[in-house]
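Architecture at a glance
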Amino acid sequence: MAVLPETVAPLAQRGLAPSADAAVGGEAVREPVLDAHAGTERDQRFMRIALDEARAAERLDEVPIGAVVVIGERVIAAAHNLTRTHTDPTNHAELLALSRAARTLGAARLVDAEVFTTVEPCFMCAGALLHARVKRVVWAVRDPKFGGCASLGHVLSDPRANHRAELAELSGSACADAARELLQSFFRKKRGSPSSS
């Protein structure tokens with residue numbers, strides 16, 4: 001498969017890596033290296049399914065984030081945010097998709113799974129992805145305020161953890177543009193609404 005020209009390069013190549021590694025607990029924690037081959041048609045296809053889930057969340061007045069769990073070419077589970085609907089702060093798209101995939105497969109460890117999510121997973125979701133031992137995590141846009149994989153932390157690539165996942169970001173892609181627009185539109189409406197929470 002051809003790699004799209006706008007695929008993400010490692011952070012250092014884009015000039016985004018910190019000048020020095022951060023020391024945490026005496027060990028150097030490096031900026032995560034993202035898959036430079038992300039953005040294939042396959043990645044885009046599964047991200048479009050996650051975007052459909054994000055749109056479903058938006059229709060429910062949920063923060064529009066969607067996620068799918070994939071093994072090989074098969075979608076095992078799909079979900080979208082339901083935190084407001086269920087009045088539950090843990091009902092993030094990634095957690096719901098992981099739970100559904102685990103039930104479908106009858107296994108808590110999803111070692112062959114890839115997770116496609118429209119937004120970089122938060123620390124809570126990144127921790128669950130780590131516990132599930134997923135193979136790869138792909139997101140469309142970063143979350144500079146809550147992102148636990150590349151923006152504010154490196155949960156899935158920390159060398160001190162007992163598992164690490166491959167990471168990929170689809171920045172510059174049509175899917176990234178769509179995910180960003182969904183979020184921006186949602187929060188513009190919320191800011192404009194006098195009863196927004």
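Residues numbered from 1 in each chain as written. Predicted model: local features only at pLDDT ≥ 70, side-chain atom pairs only at ≥ 80, totals over all residues. Heavy atoms only, no water.

Another aspect to go through is the confidence of the model for the protein. Any residue range with low pLDDT should be treated as having predicted coordinates unsuitable for detailed reading. The predicted model of the protein averages 85 in pLDDT, with 80% of residues at 70 or higher. Between residues 1-24, whose pLDDT stays under 50, and residues either more than four places distant or in other chains, the model counts 45 contacts. (pLDDT = per-residue confidence, 0-100. Contact = heavy atoms within 4.5 Å.)

Okay, the pairing of strand E4 (residues 74-80) next. Bridge analysis of strand E3 (residues 66-71) against E4 gives six bridges, and the strand direction is antiparallel. For Val68, the partnering residue across the bridge sits in E4 and is Ala78. What sits between E3 and E4 in their antiparallel hairpin is a turn of two residues, with Gly72 showing a positive phi close to 65°. (Pairing = 2+ DSSP bridges. Helix = DSSP H or I, 4+ residues; strand = E, 2+ residues; numbered from the N terminus.)

A word on the packing of aromatic side chains. This structure, assessed with the given rule, holds two aromatic pairs. Each ring, one from Phe46 and one from Phe116, has its centre 5.3 Å from the other, and the planes form 40°; the classification is tilted. Of the two residues, Phe46 is situated in helix H1 (residues 41-59) and Phe116 in strand E5 (residues 114-119); the sequence distance between them amounts to 70 residues. Each member of the pair Phe46 and Phe116 is classed as buried. An angle of 85° between the planes, with centres 5.1 Å apart, marks the rings of Phe186 and Phe187 as edge-to-face. The exposure class of Phe186 is buried, given its relative accessible area of 4%. Using a relative accessible area of 34% as the deciding quantity, one classes Phe187 as partly exposed. (Phe/Tyr/Trp six-rings, centres within 6.5 Å; stacked < 30°, edge-to-face > 60°. Buried < 20%, exposed > 50% of the residue type's maximum accessible area, 1.4 Å probe, protein only.)

Bringing the layout of surface pockets into the picture now. Space inside the largest pocket adds up to approximately 630 Å³. Among the elements that take part in the lining of the largest pocket, helix H4 (residues 174-192) stands out by supplying five residues, more than any other. A per-class count over the lining of the largest pocket returns eleven nonpolar, four polar and seven charged. (1 Å grid on protein atoms, 1.4 Å probe; cavity = no way out; pocket = protein on both sides within 12 Å on 5 of 7 lines; lining within 4 Å. Points joined across faces, edges and corners; volume = space filled by probe spheres on them. Nonpolar A, V, L, I, M, F, W, Y, C, P; charged D, E, K, R; others polar.)

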